[in-house]
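# Descriptive analysis of the structure
Chain residues, written in single-letter form:
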Amino acid sequence: MALRGTAVWLLLWAVVLSPPSLLYGATLQLNNGLGQTPQMGWNSWNFFGCEISEELIRETADALISSGLADIGYKYVNIDDCWSSHRNKQGNLVPDEETFPSGIQSLADYVHAKGLKLGIYSDAGILTCERRPGSLFHEVADADTFASWGIDYLKYDNCFNLGIKPEVRYPPMQDALNKTGRPIFYSLCEWGRDDPATWASTVGNSWRTTDDIQDSWKSMVAIADLNNQWASYAGPGGWNDPDMLEVGNGGMTFNEYRSHFSIWCLMKAPLLVGCDVRNMTAETYEILSNVEVIAVNQDSLGVQGSKVSKQGSEECLEVWAGPLSDSRVVVALWNRCTEGNNITALWEDVGLDSNALVAVRDLWEHRFLPENYVGNVTMFVDSHDCKLYILVLDEEKRKHAKQ
Ligand SMILES: *[C@@H]1O[C@H](CO)[C@@H](O)[C@H](O)[C@H]1NC(C)=O
Ligand SMILES: *[C@@H]1O[C@H](CO)[C@@H](O)[C@H](O)[C@H]1NC(C)=O
Ligand SMILES: *[C@@H]1O[C@H](CO)[C@@H](O)[C@H](O)[C@H]1NC(C)=O
Ligand SMILES: *[C@@H]1O[C@H](CO)[C@@H](O)[C@H](O)[C@H]1NC(C)=O
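Residues numbered from 1 in each chain as written. Chains lettered and ligands numbered in written order. Predicted model: local features only at pLDDT ≥ 70, side-chain atom pairs only at ≥ 80, totals over all residues. Heavy atoms only, no water.

### Here we look at the overall build of the chain
When helices and strands are tallied, the chain shows 15 helices and 19 strands. Taken over C-alpha atoms, the radius of gyration comes to 22 Å for the chain, in line with the 22 Å a tight globule of 403 residues would show. Looking at the chain as a whole, 57% of its 403 residues qualify as buried. Long-range contacts, defined as pairs at least 24 residues apart, comprise 71% of the intrachain contacts of the chain with a sequence gap of at least 6. Here the chain has roughly 16,900 Å² of accessible surface; of this, 52% comes from carbon and sulfur atoms. Placing the 31 positive and 53 negative side-chain charges of the chain at their respective mean positions leaves the two points 4 Å apart. (Helix = DSSP H or I, 4+ residues; strand = E, 2+ residues; numbered from the N terminus. Rg over C-alpha atoms; globule rule 2.2 N^0.38 Å. Buried < 20%, exposed > 50% of the residue type's maximum accessible area, 1.4 Å probe, protein only. Contact = heavy atoms within 4.5 Å. Areas by Shrake-Rupley, 256 points an atom, 1.4 Å probe, with all protein chains shown as cover. Lys, Arg positive; Asp, Glu negative; His and termini not counted. Charge placed at Lys NZ, Arg CZ, Asp CG, Glu CD.)

### Thoughts on the UniProt feature "domain: Alpha galactosidase C-terminal" (unreviewed entry) in the chain
According to UniProt, the feature "domain: Alpha galactosidase C-terminal" (unreviewed entry) maps to residues 316-391 in the numbering used here. Each end of residues 316-391 is marked by a C-alpha atom, and these two atoms are 23 Å apart; helix forms 5% of the span and strand 55%. (UniProt positions renumbered as here; feature names shortened; annotations may be inferred.)

### Re the state of the cysteines
Put plainly, a disulfide is one covalent bond tying together the sulfur atoms of two cysteines. If you walk through the whole model with that rule in mind, you get 3 disulfides. In this model, cysteine 129 is linked to cysteine 159 through a disulfide, with the two sulfur atoms separated by 2.0 Å. Judged by the sign of its S-S torsion, about 95°, the cystine formed by cysteine 129 and cysteine 159 is right-handed. Of this pair, cysteine 129 sits in the loop between β5 (117-123) and α7 (139-149) while cysteine 159 sits in the loop between β6 (153-157) and α8 (166-169), and the two are 30 residues apart along the sequence. Overall, cysteine 129 belongs to the partly exposed group, its relative accessible area being 27%. Since its relative accessible area comes to 15%, cysteine 159 is described here as buried. Disulfide partners in the chain, listed by the sequence order of the bonded cysteines, are 1-2, 3-4, 5-6. Cysteine 386 supplies the cysteine sulfur nearest to cysteine 265, a cysteine that is in no disulfide, at a spacing of 10 Å. (Disulfide = S-S within 2.5 Å.)

### So, the nonpolar core
The biggest cluster of nonpolar side chains holds 86 residues, and the ones touching the most others in it are Tyr74, Trp83, Leu118, Phe261, Trp264 and Leu288. A total of 6 residues in this core trace back to one element, the largest contributor, which is helix α11 (residues 254-266). When neighbours within four sequence positions are excluded, tyrosine 74 is seen to be in contact with Met40, Gly41, Leu64, Leu69, Leu116, Phe261, Leu271, Val273, Leu288 and Ile294. Core analysis: the next-biggest nonpolar cluster, separate from the first, contains 23 residues, Val319, Val329, Val350 and Leu369 among them. (Core = buried A, V, L, I, M, F, W, Y, C linked by side-chain atoms within 4.5 Å.)

### Describing the confidence of the model for the chain
When the pLDDT values of the chain are averaged, the result is 93; 91% of them are 70 or greater. Every residue in residues 1-27 scores below 50 in pLDDT, and together they form 14 contacts with partners more than four places removed in sequence or on other chains. (pLDDT = per-residue confidence, 0-100.)

### Regarding the site of ligand 1
Taken together, Asn31, Asn32, Asn178, Gly181 and Arg182 make up the full set of residues near ligand 1. Taking asparagine 31, its main chain carries an N or O atom lying 3.4 Å from an oxygen atom of ligand 1. Here an oxygen atom of ligand 1 sits 2.3 Å away from a polar atom, N or O, in the side chain of asparagine 178. Surface burial for ligand 1 is 54%, taken as the share of its 360 Å² of free accessible area covered by protein chains. Taken together, the residues that form the shell around ligand 1 break down as no nonpolar, 4 polar and 1 charged. (Near = heavy atom within 4 Å. Polar contact = N/O pair within 3.5 Å; in protein donor to acceptor, adjacent residues only side chain to side chain. Nonpolar A, V, L, I, M, F, W, Y, C, P; charged D, E, K, R; others polar.)

As structure tokens, this is what we get:
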């Protein structure tokens, strides 16, 4: 009895004292070595839908390099639905002869030669959403095909699923991918149907928590809130996925896209660019290439930040926050109201001691605020805009910040 008591106490002690990165990363998340930070790259769906081809994929890889986005971390070039046409007599997937005449392996070679990685798409059903062959009951053959082509990433969708539970349909593909021996990032896309945060961390490296994002403020805000409720389940090796970025696709204003990107980074969401990177405006590039904001997303602690306060008569003035490595804290002041207003982040709400003195780094202005702050920081935020700050406690850094 005494021994068992000690064991329970030790376990509780370990749970209380372990940083989330250790708790989730070492014990509960998938152990394929991938996704230690949220995945970064590009995906064809949001802008191109079914209108894809091997030229587009090659030109996108070229543009990721020439724009500098690849150097910043956007490494995965992910082909979404519509690349395949049928199964051959051996039962293997065949790329569409008209749009991908050179085949997927030659694309993988092309992308790899540039230091990038190639992602592909299939479906845990009998057809993909665009009615191409699905991988349900073909998991081993398809995983082997993907590995033989040199694929690095699989997005696995949820259409035509015969009503079988995702908990049953998604693990066989993980087993098949694992058996190929090739590390392949496994991105589950069951649209949050069966609360995947609660079961998918041992199955995949990320799991969608919501339906598809649309290129609108309303959709983006709703998806952020849905994804927020699963914050405690994310960590190195497995991430909540509120869907791909719409930045640059035209349906939101600059401030709205800046909010979208800020909150996705704070939430440790996958950063999969969804616009035409061959043809970005300067504003789109400014958002997607903000290395200070990306560093929040890629922080080694791997804790998903969350909504910590709602203010104003309509409660649409929000504070989101989360811990970062080196005892730093990231804070977003997000104005979801129709008028500009002041938003206050209280230290007690963002996890700081109420008398802590901190320097405040503005990640969009790329400067420290001129004063240090105690207890709270209040800023005016334009309608639908978002301020993103890192609060720095460290004495040396604060001194440096003043200079
Ligand atoms: C397969 O799974 C084992 C056990 O989790 C893991 O150690 C190994 O790295 C995995 N291999 C691949 C290629 O994912
Ligand atoms: C590039 O984007 C602009 C809008 O930003 C659009 O008007 C133009 O047609 C695009 N060019 C190409 C080649 O897609
Ligand atoms: C925001 O705070 C500033 C400084 O206290 C104040 O001058 C201003 O009136 C406030 N704005 C609003 C909309 O409350
Ligand atoms: C914010 O901090 C200032 C300076 O420490 C203090 O005077 C003020 O009362 C605080 N405001 C709130 C809302 O806590």
